[in-house]
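Chains, contacts and geometry: an overview
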Amino acid sequence: MDSDKYPTESDRRRFVKGVAGGATMAAITTAAGAAVEGTTTGVGSGGGTVTYRAAKNTDGPAPRGLPQIPLELDDEGYLKGVWPESEERELDDGTTVTIAEMELGGVTYSTQWFQYCGCQTFQNVQPDGEYDNYMRYSANTRLDWQSEQTSIGERVHVDQFEDYAEWGNGIGEDGYGKPANCTWRSQEVDSEETLPIQIVRSTRVEEAAAEDEWLAESTVDGFIAFLNKCTHFCCIPGFKDSSDAPKFGAANKSYCGCHQSVYDPFDIVERSFTALPRPDTDG
Ligand code: FES
């Protein structure tokens, strides 16, 4: 079980409160498909209501989808996540906060997307934290191909996914997408602050990117990525890594075995939630 399944005590209380608010607000949708799961404005640095793009939560108790991480390939074919430049911004009340956000494919992408499940306290989620942003293979995987063909901490390379259009492992349909369990911005930080990442390379992502401005900018060569912290109680879901997944309608989706939440990495939706404030007060 992941050691940071639960946030710290004080964060857990705030998180649970946010989940309860989500339950009451989950029915609200707009024509654009947005659902507001909380309306409380956070106090502290960088908290508050945030709109983000997510792998849709299609079943189970999770209140909302997994936040997407925009991707790029470097000149040598290694996969990187995009982290916006940080800047100081003065608020209406005269305080100054450090934020990291950018316009990408018609969407405001912000590092606030990752401020839940205790991650808001992590050094590697601070807007001005400097990391190389490469995706690296995680020790925490149940995928045989990854265990057999890659090394822990090795950077993810596009060549390791050449068979993505046909790949399968007996769970769900072959050719749906090739996954890997990775970490991001975590190679030099305490293991308790590791950011678990799900990446999938799929022809479905390529097809969707051809018709959507955000996906065209936030995916690359069929790769898509998410912060892999279940929005229910912060377990680590998996794509095609559990023989139980088909029993819960998740044969070709991402499945959280803790309480059977299901996420669809090929159905990207707009969602809102209350990002938890970072512990520092830089204002
Ligand atoms: S469904 Fe409960 S932690 Fe994922």
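Residues numbered from 1 in each chain as written. Predicted model: local features only at pLDDT ≥ 70, side-chain atom pairs only at ≥ 80, totals over all residues. Heavy atoms only, no water.

Section: the packing of aromatic side chains
- All told, the structure shown has 16 aromatic pairs when counted by the stated rule.
- Consider the rings of Tyr52 and Phe273, whose centres lie 5.2 Å apart with planes at 65 degrees: the pair is edge-to-face. Residue Tyr52 is found in strand S1 (residues 48-59), and its partner Phe273 is found in strand S14 (residues 261-275); the two are separated by 221 residues along the sequence.
- Judged by its relative accessible area of 3%, Phe273 is buried.
- Aromatic side chains Tyr137 and Trp145 sit 6.1 Å apart centroid to centroid with 85 degrees between the ring planes, which places their arrangement in the edge-to-face category.
- Residue class for Tyr137 comes out buried when judged on its relative accessible area of 1%.
- For Trp145, a relative accessible area of 7% gives the class buried.
- Lying over the aromatic face of Tyr78, Arg155 brings its terminal NZ or CZ to 3.9 Å of the ring centre.
- Between the NZ or CZ atom of Arg204 and the centre of the ring of Tyr176, over which it lies, the distance is 3.6 Å. (Phe/Tyr/Trp six-rings, centres within 6.5 Å; stacked < 30°, edge-to-face > 60°. Helix = DSSP H or I, 4+ residues; strand = E, 2+ residues; numbered from the N terminus. Buried < 20%, exposed > 50% of the residue type's maximum accessible area, 1.4 Å probe, protein only. Lys NZ or Arg CZ within 6 Å of the ring centre and 35° of its normal.)

What to know about unusual backbone geometry
- Even without glycine at this site, Cys117 takes up a positive phi of about 55 degrees.
- In this fold, Cys117 is placed in the loop between strand S7 (107-110) and strand S8 (135-137).
- One non-glycine residue, Asp221, adopts positive backbone phi at about 50 degrees.

What about the environment of Lys56?
- Looking at the element boundaries, Lys56 is found in strand S1.
- Taking relative accessible area as the criterion, Lys56 reaches 30% and is therefore assigned partly exposed.
- Those residues in contact with Lys56 that sit more than four places away from it in its chain are Val262, Tyr263, Asp264, Asp267, Val269 and Arg271. (Contact = heavy atoms within 4.5 Å.)

Observations concerning the sheet that holds S1
- Within the open sheet, the five strands sit side by side as S2-S1-S14-S13-S12. Their pairing is antiparallel. Every interior strand has two partners, whereas the edge strands, strand S2 (66-67) and strand S12 (238-239), have only one.
- With three bridges joining them, strand S13 (residues 254-256) and S14 adopt antiparallel strand pairing. Following the sheet pairing, Cys256 is matched in S14 by Ser261. (Pairing = 2+ DSSP bridges.)

A word on the confidence of the model for the protein chain
- On average, the protein chain scores 85 in pLDDT, and the residues at 70 or more come to 83%.
- When the criterion is pLDDT under 50, residues 1-44 qualifies, and its contacts beyond four places in sequence or with other chains add up to 71 contacts. (pLDDT = per-residue confidence, 0-100.)

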